2 protein chains.
Amino acid sequence: MSETQTEISQLGEFGLIDRLTDGLQPVNASTLRGVGDDGAVLDYKETEVLVTTDLLLEGVHFDLTYVPLKHLGYKSAVVNFSDIYAMNGRPRQITVSLGISKRFTVEHIEALYSGIRLACEIYGVDIVGGDTTSSRQGLVISITCIGDAPKDKIVYRNGAKDTDLICVSGDLGAAYMGLQLLEREKVASMGKTDFQPQFQGKEYLVERQLKPEARRDIVEELDKAGIVPTAMMDVSDGLSSELLHICKQSNAGCRVYEDRIPIDYQTAIMAEELNMNLVTAALNGGEDYELLFTVPLHCHEKIEKIKGVKVIGHITRQDLGCALVTRDGGEMELRAQGWNPLAHE
Amino acid sequence: MSETQTEISQLGEFGLIDRLTDGLQPVNASTLRGVGDDGAVLDYKETEVLVTTDLLLEGVHFDLTYVPLKHLGYKSAVVNFSDIYAMNGRPRQITVSLGISKRFTVEHIEALYSGIRLACEIYGVDIVGGDTTSSRQGLVISITCIGDAPKDKIVYRNGAKDTDLICVSGDLGAAYMGLQLLEREKVASMGKTDFQPQFQGKEYLVERQLKPEARRDIVEELDKAGIVPTAMMDVSDGLSSELLHICKQSNAGCRVYEDRIPIDYQTAIMAEELNMNLVTAALNGGEDYELLFTVPLHCHEKIEKIKGVKVIGHITRQDLGCALVTRDGGEMELRAQGWNPLAHE
């Protein structure tokens, strides 16, 4: 351990928490009391309260050989914000629980926490509590996010209707390709001391994997345009998987057009390099944290005007099933081949 | 794996969640939407929202060689409820995140979850969400609890005033002694196939460790008596540690009387068997989940009438420090020797 590293046992739980949360200033009116008591106190007299939670485990959700701790902290927070935006809400508070194994120093955890704090600063979210403990194995990060929305603006997964347009923000598959790239460079680096990873021309893929953003901008644009989607989710497990959730819960079917799926050119180049099917990667890659939503047909013109949103298909009657319409006009049944953390142990 | 055990990979994440949450019926009016979307939707127009969270890790917080999974689930939920009661609130919702390593079957996780569901049923709490994933690191349980209280009834740690009475519910040190007993029997059982643990006459200790309860009854009694404590915490890290928190945050000192600390006779017998100092165990043992609170002096008569509450001392000016008054009238400085999960890795 270098001289600039401090062992966590020197500070203890309360000392570490004090250090991590030093100078936190709530920015939301709904935060009455944050860190420092048995619990936080929030005030939501005007809006409904939204709650979502994510558990991230070392070796399952992240690999610290190529994920910098600050990025990991940032991403851990952002994926929770994304879930709140996916309900057409605004994230307001998070609690942060950390399980820390012996190999981490105070400085490591400060780096992780600085990423969480940066994400909170950018998205206007308050850290209001958490739990910090030792872990026997790897790093454990559990974040719960509280957000809000007026009751009539909350968007669920089950409101999609026949003829609704299916829209998606940004582009898909890049985070997955970024992961493939990082894994490839990790393998290539093994046993080498002077290894320089090759990311030239693929910076976007790496950034999408290591530092995703939540689409607050899209939620705000929809609001400005006076559009309340009929159903919405964020794309964390892959477009196919999310679309099937919306269709199942809405008792509907869908048609998605292969040639309309937004894909960045870096994603396409990487797929070619890896000899992978590009559309499969875009449909199933996951971790895009883009918004997938449906709007009534009459919103077509308004939607077309929102930058960064693409109409990729439409909702159908349930008996028509869920299918991808390929470039040659054929139909392929949509299947969830997305990341399932419990199926492939 | 026996024939009645189902591998989790057979169900996958969504299949497992469906099975665990099957038949959940919200009982709180504040629960608008529970499991099944990107997040839960809650309504807290009349009261403030309280949020608390706990992260429990295998090998740090629990040892599955002697903790039954159902008990573990029950306790995991109850310790969160306890934090909400400690703010004079009522728990209403929880989210449950689980990290599950390969050695667990669907039936194991059902047992764990049945304990969580039982606790929720008994305390009137709704399970509204969570996250379920695989773990490389043993079982991970992260629960966030949301509760509520009217603004003027919320009790913080920082309101204790000079001359306030210090009160504690139930008795202290039993959960710690239960842990010592379970550890002793674990060691005794090693390498033996026909081992029967010896718990006769010590059932209370085992129960306090394995199946603690949150003191809803005390919070309700205080309410009925028209008492709002000036400060309150639950005793999870040990009486000394909690009392020092209250005094520090309230800028106060305290005197606690050794002969007034409530201790069950089973705790006393066990301490003698183990040749441990009884008062040290009661002051620092932790995991009692009793309520420690302060009330103005004029509440003395009312407090005396509440069954299961004992006045153990009083708050003083800060410059008088925090001390235990021993049976012989001497004073010993109170120190936090309670469980610090990061100091003794």
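Residues numbered from 1 in each chain as written. Chains lettered and ligands numbered in written order. Predicted model: local features only at pLDDT ≥ 70, side-chain atom pairs only at ≥ 80, totals over all residues.

Draft legend 1. Representation of the interface of chain B and chain A within the structure. The partner chain A presents 59 residues to the 59 residues of chain B that form the contact. Tallying contributions element by element places strand β3 (residues 48-57) of chain B first for the side of chain B that touches chain A, with 9 residues. Of the residues belonging to the side of chain B that touches chain A, the class tally is 25 nonpolar, 20 polar and 14 charged. Pairing geometry for strand β2 (residues 40-42) of chain A and β3 of chain B, over 3 bridges, is antiparallel. Considered in β3 of chain B, the bridge of Ala40 of chain A is made with Val51 of chain B. (Contact = placed C-beta atoms within 7 Å. Helix = DSSP H or I, 4+ residues; strand = E, 2+ residues; numbered from the N terminus. Nonpolar A, V, L, I, M, F, W, Y, C, P; charged D, E, K, R; others polar. Pairing = 2+ DSSP bridges.)

Draft legend 2. Spatial organisation of helix α3 (residues 106-123) of chain B. Residues and elements named next belong to chain B. For α3, built from 18 residues, the straight-helix expectation of 26 Å at 1.5 Å per residue is met to within 8% by its first-to-last C-alpha distance of 25 Å. Here α3 has its buried residues at Ile109, Leu112, Tyr113, Gly115, Ile116, Arg117, Ala119, Cys120 and Tyr123. If you follow the buried residues of α3, they end up packed against α1 (8-21), α2 (69-85), β4 (90-100), β5 (126-134) and α6 (216-224). (Expected span 1.5 Å × (residues − 1). Buried ≥ 20, exposed ≤ 12 C-beta atoms within 10 Å, placed from the backbone.)

Draft legend 3. Representation of the packing of helix α1 (residues 8-21) of chain A against helix α3 (residues 106-123) of chain A. All names here are of chain A. Interaxial distance between α1 and α3 falls to 11 Å at its minimum, and their mutual angle equals 20°. Here α1 lies roughly parallel to α3, going by the angle between them. In terms of crossing hand, the pair formed by α1 and α3 is right-handed. Side by side, α1 and α3 meet where Ile8, Leu11, Leu16, Arg19 and Leu20 of the first sit next to Val106, Ile109, Glu110 and Tyr113 of the second. (Axes fitted to C-alpha atoms, helices over the stretch in contact; angles between N-to-C directions. Parallel < 35°, antiparallel > 145°, perpendicular 65-115°, else oblique. Left-handed = near helix turned anticlockwise from the far one by under 90°.)

Draft legend 4. Quick look at the relation of the copies chain B and chain A. Superposition of chain B onto chain A requires a rotation of 180° combined with a translation of 0.0 Å along the rotation axis, giving an RMSD of 0.1 Å. Taken together, the turn and the small shift mark the pair as related by a two-fold rotation axis. When the interface residues of chain B are mapped onto chain A, 100% of them are again interface residues, pointing to one common binding face. (Least-squares fit on C-alpha atoms with pLDDT ≥ 70 in both.)

Draft legend 5. Spotlight on the sheet that holds strand β7 (residues 165-169) of chain A. Residues and elements named next belong to chain A. Pairing is mixed across the open sheet formed by 7 strands, whose spatial order is β8-β10-β7-β11-β9-β12-β13. Every other strand in the sheet has two partners, leaving β8 (231-234) and β13 (331-333) as the edge strands with one partner each. Going across the sheet, the axis of each strand differs from the next one's by a mean of 25°, ignoring polarity. As defined by bridge partners, strand β12 (residues 322-325) adjoins β13 across 3 bridges and the pair is classed as antiparallel. Counted as the bridge partner of Val325 is Glu331 from β13. Across the sheet, helix α7 (residues 239-249) lies against β7, β8, β9 (252-257), β10 (291-295) and β12, angled at about 150° from β9, the strand it touches most.

Draft legend 6. Molecular detail of unusual backbone geometry. Residue and element names in this part refer to chain B. With phi around 80°, Thr163 is a residue other than glycine that occupies positive phi space. Inspection of the secondary structure puts Thr163 in the loop between β6 (140-149) and β7 (165-169). The exposure class assigned to Thr163 is partly exposed, which follows from the 14 C-beta atoms found within 10 Å. The backbone of Asn251 shows a phi angle near 50°, a positive value even though the residue is not glycine. Among the structural elements, Asn251 can be located in the loop between α7 (239-250) and β9 (252-257).

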